[in-house]
Each structure stands twice: as structure tokens, then as C-alpha cells.
Amino acid sequence: MAQNESQTMLLRLSDTELTVANPAEDVRSRKVIDMDGETIGEVSDLIVDNRETHVRFLEVASGGLFGLGREKSLIPVEAITRISDDAVHINQTRQRISEAPPYDPDLIHEDVGDESYYGHVYRHYGYPPYWGPDYIYPPYPYYP
């Protein structure tokens, strides 16, 4: 367990009083496009850490009719390859996302750590977790 990681919690941005500094960079409600060019859903929320207030995951909703019965997945921000005015492009496939650890909204408030839900999500996608010693926050490639 990394130092101070138990003090860090992840929260949905919509459950906080925080806002995105530049509203043009708020990706909520944008389509999510996989590496094959397929729309897999839309960004329903952003998962941020309470200490650094960095976005750590996209909460992506897919399927369902009129928003009912939609399934959600968490995708690490490291998967983002490009952000445009109407879409977030990621370097994962629909199949890979469907094989991710099942999303459970009750786990949002779980402590972070290598054996936590979040640790399993990072391992599934092949990214080092943000609480690791050599982690570097990814730059966001905006291409309006």
C-alpha cells in the first residue's frame, strides 16, 4: 500500500461542489469512441480524487433506451487518446471494456489500493495506478 493512499477517496464530480475550471473541457455527455471507431456510450460522470482533484476515471454509460437500464463502466483517463468537441476517443475496444471488472456504484467510496476495485480496473486496462510511486498524470490531448 502506498503512503497516504488510504486517505484518498474517489468521488463522482457530480456528487461534489467542484466544477471543471474551463467549461469547454468538461467531457460529460460527450460520446466515447473506441479504437475501432465505434461509439460505445457517453461520459456520464467524472471520477475525481479528493486530494489532488484530478480526474482519474471516466464513468461511461452505454445501452438502454432513453437512459433506462444503462450499463456503466469505469475507464482510466490514461486510455484517452483524443478529445474533440463532441467525443472522447480511447485506445480500448468495446470487447475489452465489456470484460472489465463489473461496475458497482457502491464501490466508488472504497479506499484505493492495489487490491481494491480500482487496482483491479487499472490492471485490467494495463495502466499503473495513480497512487504508485512513479505515476505521471497524462496530458489531455484536446483537438476541437
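None of these values were measured; they are calculated from a predicted model.

S.K.: So, the packing of aromatic side chains: which residues are in play, and what are the values?
M.R.: What the rule picks out here adds up to six aromatic pairs. Ring geometry for Tyr130 against Trp131: centres 5.3 Å apart, planes inclined by 75 degrees, an arrangement best described as edge-to-face. Its relative accessible area of 10% is what places Tyr130 among the buried residues.

S.K.: Explain the confidence of the model for the chain to me, using residue names and the numbers behind them.
M.R.: When pLDDT is averaged along the chain, the result is 86; 87% of the residues meet or exceed 70. Here strand β1 (residues 10–12) stands out as the element of the chain with the lowest mean pLDDT, 91, in contrast to strand β2 (residues 31–33), whose mean of 97 is the highest. A low-confidence stretch, residues 1–6 (pLDDT under 50), is modelled with eight contacts involving residues beyond four sequence positions or located in other chains.

S.K.: Please give an account of the pattern of salt bridges that cites residues and values.
M.R.: Taken as a whole, this structure holds 10 salt bridges when the rule is applied. For Arg56, the salt bridge is made with Glu52, and the minimal N-O distance between the two is 3.3 Å. A relative accessible area of 2% places Arg56 in the buried class. In this structure, the salt-bridge partner of Glu59 is Lys72, at a minimum N-O distance of 3.4 Å. Of this pair, Glu59 sits in strand β4 (residues 55–62) while Lys72 sits in strand β5 (residues 71–76), and the two are 13 residues apart along the sequence.

Criteria and cut-off values
Residues numbered from 1 in each chain as written. Predicted model: local features only at pLDDT ≥ 70, side-chain atom pairs only at ≥ 80, totals over all residues. Heavy atoms only, no water. Phe/Tyr/Trp six-rings, centres within 6.5 Å; stacked < 30°, edge-to-face > 60°. Buried < 20%, exposed > 50% of the residue type's maximum accessible area, 1.4 Å probe, protein only. pLDDT = per-residue confidence, 0-100. Helix = DSSP H or I, 4+ residues; strand = E, 2+ residues; numbered from the N terminus. Contact = heavy atoms within 4.5 Å. Salt bridge = Lys/Arg side-chain N within 4 Å of Asp/Glu carboxyl O.

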